[in-house]
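Summary of the model geometry
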Amino acid sequence: MTVLGARAARVLDASDERAVRQLLDTDPVATCMLAGRVETHGTDPASLGAPLWGIGADGRLDAVCLAGANLIPFTRPGVEAEAARAFADRARRAGRRCSTIVGPVTAVAPLWERLAPHWGPARDVRSNQPLLAIEGPPLVPPEPRVRPVRLAQLETLLPAAIAMFTEEVGVSPLRADGGAGYRARVTELVRAGQSLAWITDGPGGPEVVFKAEVGAVSRGACQVQGVWVAPAHRGRGIGQAGTAAVVEYARRAIAPVVSLYVNDFNDAARAAYRRVGFRDVGTYASVLF
């Protein structure tokens with residue numbers, strides 16, 4: 001274990017970008033959410049849209065934490081306790097502005113332990129979320145009707161996206177601002193070609209049978225989020241065939257490695273992802289407010 005003296009976290013700027021990238025490159029799958037933001041916006045807070053905290057010296061960073069809508073920490077092995085102390089100090093002074101703390105459990109768990117007396121109680125703590133990845137083609141035939149969603153299909157997609165979010169997170173995405181922010185995010189993913197769905201003609205008009213998003217993208221990996229099958233169509237293998245289609249599309253058009261994280265208690269989803277060809281590569285944790 002690395003032995004370090006107590007260090008304070010500082011706000012990183014554009015001059016730290018190389019060191020940030022070097023740190024995130026040590027685990028491209030685990031850091032996909034962070035790496036994608038840095039690759040697109042750099043590390044200056046003004047362009048990143050949120051402060052990125054870090055601890056390190058002499059051109060090397062040992063830990064970083066993005067303090068935006070989500071608090072996303074990442075640390076080198078051996079510095080987790082010190083990073084948690086430094087980031088918790090910053091977070092307490094800033095006050096809670098995030099809706100979630102999410103990332104590798106080795107970084108999230110000690111950080112939440114220090115923040116819980118000040119920010120708690122959380123609405124939910126999911127301390128064991130297997131992080132899965134697939135690098136080759138899926139092992140099951142992909143569903144050919146799963147395709148990138150067109151902007152003209154946005155109004156059909158939105159009710160399914162809201163249902164997925166509510167089912168997964170436990171609260172509606174409409175609660176804070178009437179859903180304006182969530183609608184903007186869904187629209188952004190559709191425009192980027194990162195929202196995929198099987199939309200069919202139902203008795204009441206077009207309806208979503210399956211949907212998923214490639215919610216985070218970096219050069220080395222991408223992360224699938226929001227996998228959902230309409231309740232009336234569950235239990236027929238649509239989830240795994242649809243996920244296989246997303247994997248095939250993502251590997252071809254977005255990034256070479258496709259990842260996702262899943263709740264440990266969701267046995268059906270974990271079994272489906274195994275059949276698709278995903279393997280365990282780590283563990284995430286999420287603290288939901």
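Residues numbered from 1 in each chain as written. Predicted model: local features only at pLDDT ≥ 70, side-chain atom pairs only at ≥ 80, totals over all residues. Heavy atoms only, no water.

If you look the chain up in an unreviewed UniProt entry, it shows as GNAT family N-acetyltransferase from Klenkia sesuvii.

A short note on the overall build of the chain
Note the following rule: Put simply, DSSP H or I for four residues or longer makes a helix, DSSP E for two residues or longer makes a strand, and each gets a number counted from the N terminus. As defined in this context, the radius of gyration uses C-alpha atoms, and a globule is described by 2.2 Å times the residue total to the power 0.38. Type-normalised accessible area, obtained with a 1.4 Å probe on protein chains alone, sets the label of each residue: buried when under 20%, exposed when over 50%, and partly exposed for intermediate values. Any two residues whose heavy atoms approach within 4.5 Å are treated as being in contact. Note on areas: Shrake-Rupley, 1.4 Å probe, and residue coverage restricted to the protein chains presented here.
Helix and strand counts for the chain stand at nine helices and twelve strands. Its C-alpha atoms give the chain a radius of gyration of 19 Å, near enough to 19 Å, the size a compact globule of 289 residues would have. Dimensions of the chain, computed from C-alpha atoms along their principal axes, come out at roughly 65 × 40 × 35 Å. Buried positions account for 50% of the 289 residues belonging to the chain. Long-range pairs, those at least 24 residues apart, make up 72% of the contacts in the chain with a sequence separation of at least 6. In the structure as shown, the chain presents an accessible area of about 13,400 Å², 52% of it carried by carbon and sulfur atoms.

Structural notes on the nonpolar core
One broad rule of soluble globular proteins: the nonpolar side chains tend to lie buried together. Note the threshold: By nonpolar core is meant a set of buried Ala, Val, Leu, Ile, Met, Phe, Trp, Tyr and Cys residues that side-chain atoms within 4.5 Å join together.
Ranked by size, the top nonpolar core spans 28 residues in total, and within it V146, F210, V246, V258, L260, Y273 and F278 carry the most contacts. Looking at this core, the elements with two or more residues in it are β6 (124–134), β8 (195–202), β9 (205–217), β10 (222–229), α8 (238–253), β11 (258–261) and α9 (267–276). The dominant element in this core, judged by the number of residues it contributes, is α8, at seven residues. Excluding anything up to four places from it in sequence, Y273 contacts L132, V227, T243, L260, V262 and F278. With 27 residues, the next largest nonpolar core counts L52, L66, A133 and V257 among its residues.

Re the pairing of β8
The condition is simple: Strands qualify as paired when DSSP identifies two bridges or more between them.
With two bridges connecting them, strand β7 (residues 147–148) and β8 associate as antiparallel partners. Opposite R147, over in β8, you have A197 as the bridge partner. Of the strand pairs in this sheet, β8 and β9 are connected by eight bridges, and their pairing is antiparallel. Its bridge partner lying in β9, S195 is registered against E213.

Overview of the pattern of salt bridges
The following threshold applies: Criterion for a salt bridge: a side-chain nitrogen of Lys or Arg within 4 Å of a carboxyl oxygen of Asp or Glu.
One pass over the structure, following the stated rule, counts 17 salt bridges. Across the salt bridge formed by E168 and R126, the nearest N and O atoms sit 3.0 Å from each other. Of this pair, E168 sits in helix α6 (residues 154–169) while R126 is found in strand β6, placing the two residues 42 residues apart along the sequence. Here E168 falls in the partly exposed class, since its relative accessible area comes to 35%. On the basis of relative accessible area, R126 is assigned to the buried category, the value being 12%. Two residues, E213 and K211, come together in a salt bridge whose shortest N-O distance is 2.9 Å. K211 matches E213 in its accessibility class, with the two residues each being buried. Linked by salt bridges that have partners in common, R7, R60, D62, R76 and E82 make up one network.

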